[in-house]
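Next come the chains, spelled out residue by residue.
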Amino acid sequence: MAFFLDLALTALKQVWVTFSHNWPILLLGSVVAAIMTLYMDKDRVAALLQRRQGVSVLASVGAAVTTPLCSCGTTAMVLSMMASTVPWAPIVAFMVASPMTSPGELFYSASLFGWPFALTYFLASILLGLAGGAVAYVAEQRGWLRGQARFHPVTGGSGLDLAGGDNLALPVVRPAKLRPTWRDLARETWVIGRRLLVFFLSFAFIGYLLNGLIPQSWIGTLFGPGRVYGVPLAATLGLPFYINTEASLPLVRSLFDLGMSPGATLAFLITGAGTSIGAISGALTIARWRVVGIVVGTLWFGAMVVGFAYNLMLA
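To start, this report covers the structure provided alongside it. (Residues numbered from 1 in each chain as written. Predicted model: local features only at pLDDT ≥ 70, side-chain atom pairs only at ≥ 80, totals over all residues. Heavy atoms only, no water.)

## A short note on the packing of aromatic side chains
Throughout the structure, instances matching the rule amount to four aromatic pairs. Consider the rings of Phe 113 and Phe 117, whose centres lie 4.5 Å apart with planes at 25 degrees: the pair is stacked. Accessibility classification places Phe 113 together with Phe 117 in one group, the buried group. Judged by centre distance (5.7 Å) and plane angle (80 degrees), the ring pair of Phe 113 and Phe 256 falls under edge-to-face. With Phe 113 in helix α6 (residues 103-113) and Phe 256 in helix α11 (residues 245-258), the pair connects residues that are 143 residues apart, well separated along the chain. Since its relative accessible area comes to 12%, Phe 113 is described here as buried. Chaining the aromatic ring pairs together yields one cluster made of Phe 113, Phe 117, Phe 256 and Tyr 310. (Phe/Tyr/Trp six-rings, centres within 6.5 Å; stacked < 30°, edge-to-face > 60°. Buried < 20%, exposed > 50% of the residue type's maximum accessible area, 1.4 Å probe, protein only. Helix = DSSP H or I, 4+ residues; strand = E, 2+ residues; numbered from the N terminus.)

Next comes the structure, spelled out in structure tokens:
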């Protein structure tokens with residue numbers, strides 16, 4: 001009992017030290033996320049992607065990495081794109097890139113892993129989004145994605161029909177939008193910051209507990225820089241074991257401290273972000289398995305490529 005009490009007290013001290021060093025960046029990330037949430041118009045973004053077909057994949061990836069959308073927000077955004085009859089390439093690009101990063105998450109990951117790691121992760125989300133869009137474009141041109149939408153646009157643009165159902169329309173309701181006030185910004189910052197703080201403190205504590213319980217040699221053996229199978233293993237484990245960004249980043253930081261290579265850390269975060277339970281559930285509500293398979297396959301294969309490349313660059 002004394003051992004676990006000492007371990008818990010040590011973990012609490014380490015959490016406090018980590019928080020005291022990183023709270024300004026966490027606060028800045030919360031403010032940036034609140035600004036993007038209040039001022040980013042998802043309907044205008046979807047309309048832009050419809051009008052500019054030639055650069056729709058680039059625009060889609062740009063929108064994905066600059067909007068702080070959760071799984072539900074990503075699903076809503078994709079539904080708006082489908083209502084505007086946007087083809088699969090920009091939709092898949094958005095589905096790949098959106099869960100991985102946002103301006104707030106960029107600051108969050110930088111606070112835990114440093115700016116080189118955070119910028120590499122941010123750049124990887126852009127590249128993988130473009131790769132997913134390219135794969136979807138080829139698949140759509142060959143007819144492999146025909147009938148993969150669970151919703152179809154209603155004639156006249158009044159909403160979406162449920163594919164295979166009884167012509168059930170989902171009306172597009174567009175309430176009048178009021179200009180956000182400073183009070184709205186403060187409230188949104190508080191909501192986002194509070195959620196971020198809870199996840200940061202709780203999972204940082206769990207991570208530091210793991211530091212005291214898991215022998216460092218185990219992590220080095222499985223995920224160390226000299227282990228060829230470390231990156232593929234981390235990429236594969238990211239599929240079922242990723243929780244969400246706020247929780248997984250401090251948790252994986254503890255494994256990083258125990259000897260997980262930077263490439264393996266990247267691989268776990270890349271696959272996990274886009275294949276968490278929330279992300280896959282949201283994807284399956286709007287698309288069938290071929291589209292979801294392209295998203296998952298792009299993230300899994302891309303995570304291994306990025307992970308190996310990052311380890312080689314550091315070496």
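## Let's talk about helix α7 (residues 115-141)
Over its 27 residues, α7 extends 39 Å from the first C-alpha to the last, a length consistent with the 39 Å expected when each residue adds 1.5 Å. Gly 143, located one to two residues past α7, shows a positive phi value of around 80 degrees. (Expected span 1.5 Å × (residues − 1).)

## Re the packing of helix α5 (residues 88-97) against helix α14 (residues 289-314)
It is the contact of α5 with α14, at a shortest axis distance of 10 Å, that shows an interaxial angle of 50 degrees. With respect to each other, α5 and α14 are oriented oblique. By crossing handedness, the relation of α5 to α14 is classed as right-handed. Residues Trp 88, Val 92, Met 95 and Val 96 of α5 touch α14, and the partners they reach there are Val 291, Ile 294, Val 295, Thr 298 and Leu 299. Partitioning the contact of α5 with α14 into residue classes produces eight nonpolar, one polar and no charged. (Axes fitted to C-alpha atoms, helices over the stretch in contact; angles between N-to-C directions. Parallel < 35°, antiparallel > 145°, perpendicular 65-115°, else oblique. Left-handed = near helix turned anticlockwise from the far one by under 90°. Contact = heavy atoms within 4.5 Å. Nonpolar A, V, L, I, M, F, W, Y, C, P; charged D, E, K, R; others polar.)

## Regarding a nonpolar patch on the surface
Side chains of Leu 5, Leu 9 and Leu 12 sit close together on the surface and give an oily, nonpolar patch of about 290 Å² of accessible area. Inspection of the secondary structure assignment puts Leu 5 in helix α1 (residues 2-39). (Patch = residues over 30% accessible without salt bridge, like charges linked within 9 Å, V, L, I, M, F, W, Y side chains within 5 Å. Areas by Shrake-Rupley, 256 points an atom, 1.4 Å probe, with all protein chains shown as cover. Salt bridge = Lys/Arg side-chain N within 4 Å of Asp/Glu carboxyl O.)

## Describing the environment of Pro 180
Note on placement: Pro 180 falls in the loop between β3 (169-171) and α8 (182-213). Residues Pro 180 and Ile 35, 145 residues apart in the sequence, show an inter-C-alpha distance of 9.5 Å. If near-sequence neighbours (up to four positions away) are discounted, Pro 180 is found in contact with Leu 38 and Tyr 39.

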